[in-house]
Amino acid sequence: MTAPRPKILLFDLGGVVVPWVGPEVLAARYDLTRAEVIDRFAGSEIFNAYERGEVGDAVFTAELRQMFDLPDTDVGALWNSWVEPPFPGVMDALAALKTRFTTACLSNTNALHWGHLNTMFKTDEVFHHAFASHEINVAKPDADSYHIPLAEMGVAAENVWFFEDTTVNVEAARKVGMTVHQVDRAVGVMPVLRRLGLLTD
């Protein structure tokens, strides 16, 4: 039986559309595992508030400097440098998919990264809908981070295919009712799109 055609293709950004190498850079610098770096971020009230748009850039960059004892440099520029240009082929793929589906992104992000991303590509041009945690004031895996985009797009969860790399966010989206395709953050979404037959070339 053929799977129902989704109404919405919803994409995470970091690890799916663009590489986010910050955890790996910090892990190598401080002899930590990636999971330990992520735990430091998860344990920071300021970082979590920053992703929800509740504190400003200066508060966050001061926290980041303290969390990892960063050198006296432009921490904001360093933070942005860890978001790299899109994975090969993904911009062309998204442009093609946009002609056949409604496309959207849903990213746990922040003002600095969002601004940086939009110097590489315009999220509101690449996607029909763009949702950023710091703009909707809630972050994955909170259920509201999925319900808010669903309500704005006027679509039921079962009509959405979501592409996400982080396991806890994958599980949360499935609980909401989305069909979720987990992405290998090392290579991005292209292999999954090919496996699903979503690319025509």
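It should be emphasised that the depicted structure is a prediction, and the values quoted were computed from it without experimental measurement.

What counts, and at which threshold
Residues numbered from 1 in each chain as written. Predicted model: local features only at pLDDT ≥ 70, side-chain atom pairs only at ≥ 80, totals over all residues. Heavy atoms only, no water. Axes fitted to C-alpha atoms, helices over the stretch in contact; angles between N-to-C directions. Helix = DSSP H or I, 4+ residues; strand = E, 2+ residues; numbered from the N terminus. Parallel < 35°, antiparallel > 145°, perpendicular 65-115°, else oblique. Left-handed = near helix turned anticlockwise from the far one by under 90°. Contact = heavy atoms within 4.5 Å. Nonpolar A, V, L, I, M, F, W, Y, C, P; charged D, E, K, R; others polar. Salt bridge = Lys/Arg side-chain N within 4 Å of Asp/Glu carboxyl O. Buried < 20%, exposed > 50% of the residue type's maximum accessible area, 1.4 Å probe, protein only. Pairing = 2+ DSSP bridges. Arc of directions from axis to C-beta. Polar contact = N/O pair within 3.5 Å; in protein donor to acceptor, adjacent residues only side chain to side chain.

1. Some details on the packing of helix H2 (residues 34-42) against helix H4 (residues 57-68)
Axis separation between H2 and H4 bottoms out at 11 Å; the angle between their running directions is 140°. On the basis of the axis angle, H2 is oblique to H4. By crossing handedness, the relation of H2 to H4 is classed as right-handed. Touching Val37, Arg40 and Phe41 of H2 are Leu64, Met67 and Phe68, all from H4. In terms of residue class, the contact of H2 with H4 is built from five nonpolar, no polar and one charged.

2. Some details on the pattern of salt bridges
One pass over the full model with this rule turns up five salt bridges. When the shortest N-O distance is used, the salt bridge between Lys140 and Glu164 registers 2.8 Å. In this pair, Lys140 sits in the loop between helix H9 (133-136) and helix H10 (143-153) while Glu164 sits in strand S4 (residues 160-164), placing the two residues 24 residues apart along the sequence. Here Lys140 and Glu164 have matching classes, each one buried.

3. Some remarks on the sheet that holds S4
With parallel pairing, the five strands of this open sheet are ordered in space as S3-S2-S1-S4-S5. Unpaired on one side and paired on the other, strand S3 (129-132) and strand S5 (179-182) mark the two borders of the sheet. Adjacent strand axes in the sheet meet at a mean angle of 20°, parallel and antiparallel pairs treated alike. As paired elements, strand S1 (residues 8-11) and strand S2 (residues 102-107) share four bridges and run parallel to each other. Bridge pairing in S2 places Ile8 opposite Thr102.

4. Topic: the environment of Met67
Its place among the elements puts Met67 in helix H4. Residue Met67 is classed as buried on the basis of its relative accessible area of 16%. Taking the C-alpha atoms as reference points, Met67 and Phe11, 56 residues apart in sequence, are found 29 Å from one another. Those residues within four positions of Met67 in sequence are excluded, and the remaining contacts are Arg40, Phe41 and Ser44.

5. Some points on unusual backbone geometry
Note the cis peptide between Lys140 and Pro141, where omega equals 10°. Mapped onto the fold, Pro141 is located in the loop between H9 and H10. Within the chain, Asp31 stands out as a residue other than glycine whose phi angle is a positive 55°. Tracing the sequence through the fold places Asp31 in the loop between helix H1 (22-30) and H2. Residue Asp31 is classed as exposed on the basis of its relative accessible area, which comes to 72%. Of note, Asn137 is a non-glycine position whose phi angle comes to about 65°, a positive value. If you trace the backbone, Asn137 turns up in the loop between H9 and H10. A relative accessible area of 44% places Asn137 in the partly exposed class.

6. Description of H10
Among all positions in H10, only Ser145, Tyr146, Pro149, Leu150 and Met153 are buried. Summarising the axial view, the buried residues of H10 lie within an arc of 125°, below the 170-degree limit, and thus occupy one face. Projecting away from the buried face of H10 at angles above 90 degrees are the exposed residues Ala151 and Glu152. Its buried side turned inward, H10 meets S1, S2, S3, H9, S4 and helix H11 (167-176). Where H10 starts, the residue carrying a side-chain oxygen 2.8 Å from the main-chain nitrogen of Asp144 turns out to be Asp142. Once H10 finishes, Gly154 follows within two positions and takes phi at roughly 65°, a positive value.

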